[in-house]
Amino acid sequence: MTNGISFLRRCPSGLLAFLFALAVLGFLPACAADHHSGGDDQTATDDDSSPSADDDDSSAADDDDDNDDDNDNDDNDDNDLAWAGMNSETTVDLTGVWGSSSSDVFAVGGELYGPPSVIVHYDGSAWSPMSNGPAANLWGVWGTSSADVFAVGSDDTGSSAILHYDGSSWSAMTSGTISETSLGGVWGTSDSDVFAVGGNDAGSAVMHYDGASWSSMPNGLTGMALLGVWGSSASNVFAAAAGSNTPLGGIAHYDGSSWSWMTSGAGFGSVYGVWGSSASDVFAVGYYGIWQYDGSSWSRIGIVPYMFGVWGSSSSDVFAVGMPAEGKNGVVHYDGYSWSGMTGGPNTNLYSVWGSSPTDVFAVGDYGVILHYGPPQ
């Protein structure tokens, strides 16, 4: 059985293999990055009426480098805000980022056939490596406080792994290990209500933590690997999925009793990340673009493809990260009306984004790259 969230080094770019490993399962075209990374073919052709990063950039006359369109990139109309690279103290690919505050941020990653998993921590001044135990790969991180943080991924056998940080050290948790299954994302409502999601070509995996122990949740979701999770409550949880064996799209929903696939008019294709500001304002990003849920239905609001992570401070301040377009850094921003490409820092593949505020945002990606959005330092 093939692990749906494993690294298969078929593509040249670090953790992009994490996503494009799904290609061998028929989840998406293999090595699409080979002809898209760094190129200008960032816009899908099946929905010219939808906004894209390139469409918005052309209206701004491509003046990003002169900072003339900075006012389009944030809701604070602050021309001093900019993206810049940070020293992460690692060259290992990073796929997840989360923090409890601007001075307490965790980034996780790893390589399947390389060094063990990595966790780096930011204290408001600098990033530093943390000792994190035996897990071979970490894909996602989330917590309730600086002393209650969960990181999920896989161990050196390819089976599920969950780590916990208690404010002083990381330790492996007994997770009811799922053989040959990585966990791709983690999120919860409290320290006693945490969801971890993953899967392989046989179906999706959902784990739940009740404050005492982890247990596997029956879900009935087949043919899909779950890569990200977010919810507005314990009975309204969304999971992003990549797969080929279901016609219902790439977003699963939990209503407090059971999991089911959600539908969209045109079908989602592979979806990699999900985040929302409320139960009636949820964003999902993936292979075919960016989608928004209004509490009753999904609609595509952007045709910026190859987006892997999403986070925002409100419905009119949303950041999505993925593959860079020509001259852009892999970040696009939504102001409530349209998406626009952003610049600053290395132009590399980015996989996860999180912020403590609209002016304090972190994005992580290939080779230990960490970008920060905020006032110049």
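Since we're looking at a predicted model, the values are computed, not measured.

Details of the overall build of the protein chain
Argument step 1. When you go through the protein chain residue by residue, the secondary structure sums to two helices and 28 strands.
Argument step 2. With 377 residues in all, the protein chain has 60% of them scored as buried.
Argument step 3. In the protein chain, the share of contacts with a sequence separation of at least 24, taken over all contacts with a separation of at least 6, comes to 48%.

A closer look at the environment of Pro134
Argument step 1. Structurally, the position occupied by Pro134 is in the loop between β5 (127-130) and β6 (137-145).
Argument step 2. Relative accessible area serves as the criterion here: at 61%, Pro134 is assigned to the exposed category.
Argument step 3. Spatially, the C-alpha atom of Pro134 lies 8.8 Å from that of Ser171, the residues being 37 residues apart in sequence.

Some words on the environment of Ala320
Argument step 1. Of note, Ala320 is situated in strand β23 (residues 317-322).
Argument step 2. Note: C-alpha distance between Ala320 and Ile290 (30 residues apart in sequence) is 8.7 Å.

Concerning the sheet that holds strand β24 (residues 331-334)
Argument step 1. Taken in spatial order, the four strands make up an open sheet running β22-β23-β24-β25, and their pairing is antiparallel. The open sheet has two free edges, formed respectively by β22 (307-314) and β25 (339-341), since each of these has just one partner strand. Strand-to-strand twist of the sheet, defined as the mean angle between neighbouring strand axes without regard to direction, takes the value 25°.
Argument step 2. Examined bridge by bridge, β22 and β23 share six bridges and lie antiparallel to one another. Opposite Met307, over in β23, you have Gly322 as the bridge partner.

A word on the packing of aromatic side chains
Argument step 1. As enumerated under the stated definition, the model contains 36 aromatic pairs in all.
Argument step 2. Ring geometry for Tyr272 against Phe308: centres 5.3 Å apart, planes inclined by 65°, an arrangement best described as edge-to-face. On the criterion of sequence distance, the pair formed by Tyr272 in strand β18 (residues 271-278) and Phe308 in strand β22 is long-range, its members being 36 residues apart.
Argument step 3. Note on Phe308: relative accessible area 4%, which makes it buried.
Argument step 4. Of the aromatic side chains, those joined through ring pairs into one cluster are Trp187, Phe195, Trp230, Phe238, Tyr254, Trp259, Phe268, Trp291, Tyr293 and Trp298.

Regarding the sheet that holds strand β8 (residues 160-165)
Sheet strands associate in pairs through backbone hydrogen bonding, adopting either a parallel or an antiparallel arrangement.
Argument step 1. The strand order across the open sheet built from four strands is β6-β7-β8-β9, with neighbouring strands paired in antiparallel fashion. The sheet is open, and its two borders are formed by β6 and β9 (170-172), each paired with just one other strand. Across the sheet, the mean angle from the axis of one strand to that of its neighbour is 25°, orientation sign disregarded.

With respect to the side chain of Asp93
Argument step 1. Mapping Asp93 onto the fold places it in the loop between β1 (82-86) and β2 (94-101).
Argument step 2. Among the residues examined, Asp93 registers a relative accessible area of 1% and is labelled buried.
Argument step 3. Of note is the side chain of Asp93, whose polar atom sits 2.6 Å from the backbone nitrogen of Tyr367.

A word on the nonpolar core
Argument step 1. Counting 98 residues, the largest nonpolar core has Trp259 and Trp298 as the members making the most contacts within it.
Argument step 2. At five residues, the largest contribution of residues to this core is made by strand β15 (residues 236-243).
Argument step 3. Filtering out sequence-adjacent residues up to four positions away, Trp259 remains in contact with Phe195, Val206, Met217, Pro218, Asn219, Leu221, Val237, Ala239, Ala252, His253 and Tyr254.
Argument step 4. In terms of nonpolar packing, the next biggest core, distinct from the first, is built from nine residues, Leu227, Phe308, Met323 and Tyr351 among them.

A word on the environment of Trp170
Argument step 1. Position of Trp170 among the secondary structure elements: in strand β9.
Argument step 2. A relative accessible area of 8% means that Trp170 is categorised as buried.

Points about the pairing of strand β28 (residues 370-374)
Argument step 1. Within β28, five of the five residues are buried, which leaves it mostly tucked inside the rest of the structure.
Argument step 2. Covered by surrounding structure in β28 are Ile370, His372 and Gly374 together with Leu371 and Tyr373, the residues of both alternating faces.
Argument step 3. The pairing of β1 with β28 spans five bridges and is classified as antiparallel. From the neighbouring strand, Ala82 faces β28, where its bridge partner is Gly374.
Argument step 4. In this structure, strand β27 (residues 360-365) lies alongside β28, joined through four bridges in antiparallel fashion.

Side note on the pairing of strand β20 (residues 290-293)
Argument step 1. What you see with β20 is no split at all: Ile290 and Gln292 on one side and Trp291 and Tyr293 on the other are buried throughout.
Argument step 2. Across four bridges, the pairing between strand β19 (residues 281-286) and β20 is antiparallel. Along β20, the bridge assignment pairs Phe283 with Gln292.
Argument step 3. Counted between consecutive antiparallel strands, the loop separating β19 from β20 contains three residues, among which Gly289 sits at a positive phi close to 145°.
Argument step 4. Where β20 folds back on strand β21 (residues 298-302), the antiparallel hairpin that results is connected by four residues, among which Gly295 adopts a positive phi of roughly 100°.

Things to note about the confidence of the model for the protein chain
Argument step 1. Per-residue confidence for the protein chain averages 79 on the pLDDT scale, and 75% of its residues sit at or above 70.
Argument step 2. Counted against residues more than four places away or in other chains, residues 1-77, with its pLDDT under 50, gives 208 contacts.

As for unusual backbone geometry
Argument step 1. In this model, Glu89 sits at a positive phi of 65°, which is unusual for a non-glycine residue.
Argument step 2. Along the chain, Glu89 turns up in the loop between β1 and β2.
Argument step 3. When its relative accessible area of 45% is taken as the criterion, Glu89 is described as partly exposed.
Argument step 4. Positioned with a positive phi, Tyr367 is a non-glycine residue whose angle comes to about 55°.
Argument step 5. Considering the arrangement of structural elements, one finds Tyr367 in the loop between β27 and β28.

About the thresholds
- Residues numbered from 1 in each chain as written.
- Predicted model: local features only at pLDDT ≥ 70, side-chain atom pairs only at ≥ 80, totals over all residues.
- Heavy atoms only, no water.
- Helix = DSSP H or I, 4+ residues; strand = E, 2+ residues; numbered from the N terminus.
- Buried < 20%, exposed > 50% of the residue type's maximum accessible area, 1.4 Å probe, protein only.
- Contact = heavy atoms within 4.5 Å.
- Pairing = 2+ DSSP bridges.
- Axes fitted to C-alpha atoms, helices over the stretch in contact; angles between N-to-C directions.
- Phe/Tyr/Trp six-rings, centres within 6.5 Å; stacked < 30°, edge-to-face > 60°.
- Polar contact = N/O pair within 3.5 Å; in protein donor to acceptor, adjacent residues only side chain to side chain.
- Core = buried A, V, L, I, M, F, W, Y, C linked by side-chain atoms within 4.5 Å.
- pLDDT = per-residue confidence, 0-100.

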